[in-house]
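Spelled out from the first residue to the last, the chains are:
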Amino acid sequence: MAASRPDLDAMPVVRSLDAFDPRSGMRLERLIFNHRRVVTGAIVAATLALAFCAATKSVMNADFERMIPTHQPSIRNYLEHKGELRGLGNALHVVVESTRGDVYDARYLESLRKIGEELFLMPGVDRPWVKSLWAPGVRWNEVTEEGFRGGPVMPDSYDGSPASIEALRQNVQRAGIVGTLVARDLRSSDVFVPLLDRGPDGKRLDYRAMSRALEGLRARYDATGDVRIHIVGFGKLMGDLLDGVLKVAGYFAIAAAIAIAILFAYTRCWRSTLLVVGCSAIAVVWQVGIVSALGHEIDPYSVLVPFLVFAIGVSHGTQKMNGILQDVARGTHRLVAARYTFRRLFLPGLTALLADAVGFAVLMAIDIPVIQQLAISASVGVAALIVSNLILLPVLLSYTGVGAAAAKRALREEGGGGTGWAWRVLGRVTEPRWAVVVIGVSAAMAVWGWKTKQGLQIGDLEPGAPELRTTSRYNRDNAYITAHYGLSNDVFAVILKTEKEGCLKRQTLIEADRLGWALQQTPGVQATSSLADAVRIITAGSFEGNPKWLTLARNQDVLNYAAQQATTRNPDLFNADCSVMPVLAFLGDHKADTLDRVTRVAEDFAAKHGDGERKFLLAAGNAGIDAATNGVVRDASRTMMLWVYAAVALLCLVTFRSWRATLVTLIPLAITSVLCEALMVLLGIGVKVATLPVIALGVGIGVDYALYLLSVQLALQRAGRPLEEAHRASLRFTGKVVALVGATLAAGVVTWAFSPIKFQADMGILLTFMFVWNMVGALVLMPALSRFLL
């Protein structure tokens with residue numbers, strides 16, 4: 001694909017424009033270069049307009065529903081009933097820790113009241129369902145000689161006096177909220193804040209603004225020295241990720257600086273180096289501007305796309321610059337050199353960019369909106385590269401040309417034929433004995449990678465938020481809450497759906513109780529809770545606390561009374577018409593193994609006990625949503641790889657017109673994919689929403705190397721040259737450029753490894769690995785395979 005010497009030799013050296021026929025070349029070439037000023041002006045005008053659009057319309061935000069597979073059956077069940085299942089989706093836990101002692105302190109309680117009021121009034125809060133020690137909906141109940149007695153946990157007569165604080169202490173014990181709303185060591189309490197995905201105006205909740213408001217609240221109250229605040233929940237996690245995205249933007253400048261250094265070291269020409277980098281940056285402006293104009297928001301996942309677009313643009317721009325360098329060195333006028341390069345490389349370059357697009361396009365098949373938006377953004381970026389790097393860059397170089405010294409140096413190095421020891425070794429790979437060694441080593445690596453990748457897991461492998469570093473404030477807050485509260489924030493909810501008033505029927509309560517028992521026996525489940533548990537306790541309380549009555553009574557009136565009393569303590573036990581009730585399982589963590597075990601138990605129970613009167617629907621709660629997402633990721637990972645390899649195979653068949661050449665191309669890519677998954681196992685990285693796109697992107701971009709080298713090799717073989725000579729010629733003409741492209745792509749993403757956002761760091765490591773190993777496979781394994789297949 002890169003500038004091929006056979007084509008160069010066939011094109012005459014034109015030193016003056018008077019000796020060049022502007023009507024020569026294909027129609028597109030004439031249209032562009034015979035109207036250079038119009039083309040340049042139109043692209044510059046479009047760039048300015050899109051830059052304005054990017055600056056004024058681009059929005060950074062996240063959306064809870066875009067992070068989950070909205071068409072997956074379990075997620076559809078959750079979305080259908082989320083209005084009736086408050087607190088089992090998007091919610092915050094704001095834990096207020098006392099630094100002076102326990103929660104039974106007047107100054108602490110006053111701070112807790114103020115914090116709760118500020119949280120209550122924040123935009124996006126589902127206010128009726130906020131819970132804290134001060135919330136009137138948090139109630140206690142007890143059995144007395146006169147019957148049930150109860151009230152709000154915070155006494156109506158509370159005035160900060162020792163007597164009222166003692167009353168609060170008694171109410172907390174009566175309510176049984178130690179370990180849930182109050183820490184087991186009594187040194188902190190939780191403010192539970194459910195969130196609305198959209199406000200009254202229909203706009204999505206601004207998580208970044210909410211996170212900043214929470215951090216402001218934390219800073220103000222932590223500064224008092226009386227309390228310390230810990231915050232977890234989807235909204236805070238997304239806010240932290242969005243803030244981290246701004247820090248990651250600095251890596252864009254680092255990537256550009258590295259690309260400039262690599263290109264200049266290769267060309268020793270400032271003007272061409274800056275033009276390549278500038279045109280790649282223009283593609284990024286187009287990508288961000290078009291995506292913003294389409295109304296898409298920038299989220300923590302799609303923010304990586306501009307980095308990829310820039311790196312791909314630099315790699316393809318290098319090809320155009322290399323071709324012009326060679327022509328100018330032979331004395332060709334810069335405009336004619338630009339036209340020659342366009343003539344040789346536009347169609348191969350377009351094919352290569354289409355190969356890049358394949359890796360992005362297959363992501364559209366994954367039913368997770370955030371990944372689909374990533375695919376759209378990346379596809380737009382690839383389309384922008386067609387304009388900026390395949391059209392604009394040659395046109396600009398036709399005006400500026402390249403430095404004469406740089407051109408002569410490039411021609412002198414190419415004429416040397418690659419005399420370094422590395423190039424001499426690579427030139428011998430097609431010899432039978434070397435080819436056998438290379439293929440044998442590659443096969444051994446593939447076998448090792450295949451065995452290692454069997455340990456690859458779907459989902460999160462660590463506690464807390466794996467998207468962030470373990471040392472992040474969010475994960476430290478999560479560790480504190482997990483250590484001090486009896487029940488974790490990882491809740492798996494099975495939705496029990498019946499007819500109206502059906503959840504009060506004894507058989508329904510029995511089935512809910514049986515499900516709770518089955519889940520309790522599952523490793524990883526800390527405890528379960530449902531209306532059946534509350535009814536059993538209230539029933540016993542109605543009969544002087546006699547443990548013999550700790551059961552589900554056969555009398556419907558007793559059940560009705562118990563359920564009515566239970567809802568005064570916890571209104572979340574069932575919905576308004578008693579047709580939907582959740583059975584909650586509190587998990588020790590949300591690791592992939594734990595979620596798989598719980599999901600299997602719940603699915604098996606639903607299949608055996610569900611009938612026309614009662615349906616057990618999976619799943620709600622953050623752990624239930626994670627489990628459903630893991631299932632989609634598991635299926636999509638297999639489907640995605642089939643699609644990406646099928647598309648790349650078809651593209652290679654069309655390009656090379658040879659099934660053997662297609663096989664030579666695909667085998668190195670497949671080995672790299674296997675090794676990448678093995679690396680994920682070694683690094684403890686699971687397959688999830690953040691890492692799922694990596695392998696597809698690596699394959700789609702990695703096939704470029706084959707197009708660079710194999711197209712020249714095949715052309716020379718078809719012209720009658722033997723394999724060894726054709727390989728050495730393709731290596732001499734394109735080998736250094738392939739190595740340069742691999743280094744540029746790797747340098748563009750390796751800086752992500754230092755990101756404060758862990759999933760971006762993981763993607764950077766994996767993409768760097770794939771870019772480098774795809775390059776090695778093209779330079780080493782592909783010629784070895786050619787010995788036996790071509």
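Residues numbered from 1 in each chain as written. Predicted model: local features only at pLDDT ≥ 70, side-chain atom pairs only at ≥ 80, totals over all residues. Heavy atoms only, no water.

### Section: the overall build of the protein chain
Basically, it comes down to this: A run of DSSP states H or I qualifies as a helix once it reaches four residues; a run of E qualifies as a strand once it reaches two. Both are numbered from the N-terminal end. To sort residues, take the accessible area from a 1.4 Å probe on protein chains only and compare it with the maximum for the residue type: under 20% means buried, over 50% means exposed, and anything in between is partly exposed. Here a residue-residue contact requires only that any non-hydrogen atoms of the pair lie within 4.5 Å. All accessible areas in this document rest on Shrake-Rupley with a 1.4 Å probe, and a residue is counted as covered only by the protein chains that are shown. Residues scored as positive are Lys and Arg, those scored as negative are Asp and Glu, and His as well as the terminal groups of each chain are ignored. The atoms used to mark charge sites are NZ of Lys, CZ of Arg, CG of Asp and CD of Glu.
Each helix and strand in the protein chain was counted, giving 25 helices and 9 strands. By its C-alpha atoms, the protein chain is 110 × 50 × 45 Å across when sized along the principal axes. Here the protein chain holds 790 residues, and the buried ones make up 57% of them. Taking all contacts inside the protein chain whose residues are at least 6 apart in sequence as the whole, residues at least 24 apart take part in 81%. Working note: accessible area of the protein chain is about 31,200 Å², and carbon and sulfur atoms make up 60% of it. Computing the positive centroid from 80 side-chain charges and the negative centroid from 68, the protein chain places the two 13 Å apart.

### Brief notes about the sheet that holds strand 8 (residues 580-587)
Operational definition: Pairing between two strands is assigned when DSSP locates at least 2 bridges connecting them. Every axis corresponds to a line fitted to the C-alpha atoms, with the helix fit spanning only the stretch in contact, and the corresponding angles, defined between N-to-C directions, vary from 0 to 180 degrees.
With antiparallel pairing, the 4 strands of this open sheet are ordered in space as 7-8-6-9. Sheet topology places strand 7 (525-529) and strand 9 (615-620) at the edges, where each strand pairs with a single neighbour. Across the sheet, the axes of successive neighbouring strands diverge by a mean angle of 25°, strand direction being ignored. Where strand 6 (residues 491-497) and strand 8 come together, 7 bridges link them in antiparallel fashion. Paired with Leu496 across the two strands is Met581, which belongs to strand 8. Against the sheet, helix 21 (residues 621-656) contacts strand 6, strand 8 and strand 9, and its axis sits at roughly 90° relative to strand 6.

### Things to note about the state of the cysteines
Linking two cysteines covalently through their sulfur atoms gives a disulfide. Our working rule: We call a pair of cysteine sulfur atoms a disulfide when they lie within 2.5 Å.
Tallied over the entire structure, the rule returns 1 disulfide. Residue pairing for Cys503: its cysteine sulfur links by disulfide to Cys578, the two sulfurs lying 1.8 Å apart. Negative torsions about the S-S bond denote left-handed disulfides, and the value of about -90° found for Cys503 with Cys578 makes this one left-handed. On the criterion of sequence distance, the pair formed by Cys503 in the loop between strand 6 and helix 17 (506-520) and Cys578 in the loop between helix 19 (556-569) and strand 8 is long-range, its members being 75 residues apart. Judged by its relative accessible area of 0%, Cys503 falls in the buried class.

### A few points about the sheet that holds strand 5 (residues 227-233)
In spatial order, the strands read 4-1-5; together these 3 strands make up an open sheet with antiparallel pairing. The sheet is open, and its two borders are formed by strand 4 (188-194) and strand 5, each paired with just one other strand. With strand direction ignored, the average angle separating the axes of adjacent strands in the sheet is 20°. Pairing of strand 1 (residues 91-98) with strand 4, which is carried by 7 bridges, proceeds in the antiparallel orientation. Bridge pairing links Val96 to Ser189 in strand 4. The strands that helix 7 (residues 207-222) touches are strand 1 and strand 5; relative to strand 5, the one it contacts most, it runs at about 160°.

### Brief notes about the packing of aromatic side chains
The condition that has to hold: Here a pair means two rings of Phe, Tyr or Trp (six-membered ring of Trp) with centres within 6.5 Å. Their orientation is stacked below 30 degrees between planes, edge-to-face above 60, and tilted elsewhere. Two conditions define a charge sitting above a ring: the NZ of Lys or the CZ of Arg must be within 6 Å of the ring centre, and it must be within 35 degrees of the ring normal.
If you walk through the whole model with that rule in mind, you get 6 aromatic pairs. Seen from their ring centres, Phe605 and Phe616 are 5.2 Å apart, and the 90° between their planes marks the pair as edge-to-face. Placement of Phe605 in helix 20 (residues 592-609) and of Phe616 in strand 9 is noted, with a sequence separation of 11 residues between them. No difference in accessibility class separates Phe605 from Phe616, as the two residues are buried. The side chain of Arg174 reaches across the aromatic face of Trp140, ending 4.4 Å from its centre. The ring of Trp450 is capped by Lys453, whose NZ or CZ atom sits 4.5 Å from the centre of that ring.

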